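# Architecture and fold: a report
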Amino acid sequence: MIDLPILVLLGAFFVLLVASVIRTTAGFGFSLVAVPPMALLIDPVTAVIVAAIMAAPLSLWIAYKDFSHVDRRLAGLILGFGIAGVPFGVWILKVLAAEILMVVIAIVVLLGTFLVWRRVTIPGGHKAVAAVGFFSGASFASTGIDGPPMVAALQGMNLEPRVQRATLALAFAGTGLAALTGFAVSGQLTQTIGETLLMGIPALFLGIFVGERLFRQLNAATFRQVVLTLLVISSISVITRATVLA
């Protein structure tokens, strides 16, 4: 029996479709786009877990398609420290009240938007990548958001766009599977999550189909503006919700 209203399920389908297109095209941004409106539709914990579960197979698909472009040393470094951060993030998601979690999500969304907007570069080479990898793993498991800090850490390495996308996809796929295990062990997988995922699966495949075509056709500068616009909208929406709950 499905308990969620049909309008909520349709809204979840649309949000996850847009997020899938963004992730397939840019290699990051799925949860930045998906979590805030999903939190408005359902609740922040469900939004985080659904986004995290949905992001894992999407990352696996990108990594599989572009595996020859993966920087294996970087991917291993990000993955190792990212998985180490996941248990801390799962614990945060478990213990935080909904209104506090919304504030945390708002802060992370704003941070991610700022990093992408300003093209921030985090110096420090592989040491910085390791530290940011741990933070991203914890952030992914607690807010569903992991991409922008890692992109900032990789900005100064002069990676080709396809290499960066493939490397992040492989690392994020592993982190996502680790987070899913953490959610299961901590008893956070609910019927509401299952119902939302039923709408998310077709949205995922349609998003991959559209995103792959956009990746080949879109002007990079134009796509950047589209992503930033969506991130600003997401930031405003989550801050509004956090203020109301507070």
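Residues numbered from 1 in each chain as written. Predicted model: local features only at pLDDT ≥ 70, side-chain atom pairs only at ≥ 80, totals over all residues. Heavy atoms only, no water.

### Examining the overall build of the chain
Check the secondary structure of the chain and you find ten helices and zero strands. Listed by position from the N terminus, the elements making up the chain come as α-α-α-α-α-α-α-α-α-α. Residues counted as buried form 53% of the 246 residues belonging to the chain. Nonlocal contacts in the chain, meaning residues at least 24 apart in sequence, comprise 85% of its contacts between residues at least 6 apart. As presented, the chain carries roughly 10,800 Å² of accessible surface, and 71% of it is formed by carbon and sulfur atoms. (Helix = DSSP H or I, 4+ residues; strand = E, 2+ residues; numbered from the N terminus. Buried < 20%, exposed > 50% of the residue type's maximum accessible area, 1.4 Å probe, protein only. Contact = heavy atoms within 4.5 Å. Areas by Shrake-Rupley, 256 points an atom, 1.4 Å probe, with all protein chains shown as cover.)

### Concerning the UniProt feature "transmembrane region" (unreviewed entry) in the chain
UniProt's feature table lists "transmembrane region" (unreviewed entry) at residues 39-62, 74-94, 100-117, 166-185, 197-215 and 227-244, given in the numbering used throughout. Here residues 39-62 is 92% helix and 0% strand, with 26 Å between the C-alpha atoms at its ends. Structurally, residues 197-215 comprises 100% helix and 0% strand, and the distance from its first C-alpha atom to its last is 25 Å. (UniProt positions renumbered as here; feature names shortened; annotations may be inferred.)

### Some remarks on the pattern of salt bridges
This structure, assessed with the given rule, holds one salt bridge. The closest approach of N and O atoms between Arg-165 and Asp-66, which form a salt bridge, is 2.7 Å. Here the residue Arg-165 occupies a position in helix α8 (residues 161-185), and Asp-66 occupies one in the loop between α3 (44-65) and α4 (72-95), the gap between them amounting to 99 residues. Residue classification places Asp-66 among the buried positions, given a relative accessible area of 2%. (Salt bridge = Lys/Arg side-chain N within 4 Å of Asp/Glu carboxyl O.)

### Digging into the nonpolar core
Leu-16, Phe-30, Met-38, Val-50, Met-54 and Phe-183 are the most contacted members of the largest nonpolar core, which has 44 residues in total. For this core, the element with the most residues is α3, which contributes ten residues. Leave out the neighbours within four places in its chain, and Leu-16 touches Phe-30, Ala-34, Met-38, Val-50, Met-54, Thr-196, Gly-200 and Ala-203. Grouped together as the second largest cluster of nonpolar side chains are eleven residues, Val-151, Ala-153, Leu-168 and Ala-171 included. (Core = buried A, V, L, I, M, F, W, Y, C linked by side-chain atoms within 4.5 Å.)

### Here we look at a nonpolar patch on the surface
A cluster of nonpolar residues, Phe-81, Phe-88, Trp-91, Val-95 and Phe-134, forms a patch on the protein surface that exposes about 510 Å² of accessible area. Take the nonpolar patch: its biggest share by element is four residues, from α4. Note that Phe-134 resides in helix α6 (residues 125-143). For Phe-134, a relative accessible area of 36% corresponds to the partly exposed category. (Patch = residues over 30% accessible without salt bridge, like charges linked within 9 Å, V, L, I, M, F, W, Y side chains within 5 Å.)

### Examining the side chain of Gln-188
Looking at where Gln-188 falls in the secondary structure, it is placed in the loop between α8 and α9 (191-217). Only 2.8 Å separates the side chain of Gln-188 from the side chain of Ser-186, close enough to count as a polar contact. Sequence-distant contacts of Gln-188, that is, excluding residues within four places in its chain, are made with Val-45, Ile-49, Val-90, Leu-93, Lys-94, Phe-183 and Ile-193. (Polar contact = N/O pair within 3.5 Å; in protein donor to acceptor, adjacent residues only side chain to side chain.)

### Some words on the environment of Thr-46
Take Thr-46: it is sitting in helix α3. Each C-alpha atom, one on Thr-46 and one on Thr-196, is 8.8 Å from the other, the two residues being 150 residues apart in sequence. In contact with Thr-46, other than residues within four places in its own chain, are Thr-192, Ile-193 and Thr-196. Within the structure, the side chain of Thr-46 is placed 2.7 Å from the side chain of Asp-43, a separation counted as a polar contact.

### Considerations on α6
The end-to-end C-alpha distance of α6 is 26 Å, a good match for the 27 Å that 19 residues give at a rise of 1.5 Å each. Of the residues one or two after α6, Gly-144 is the one with positive phi, at around 80 degrees. (Expected span 1.5 Å × (residues − 1).)

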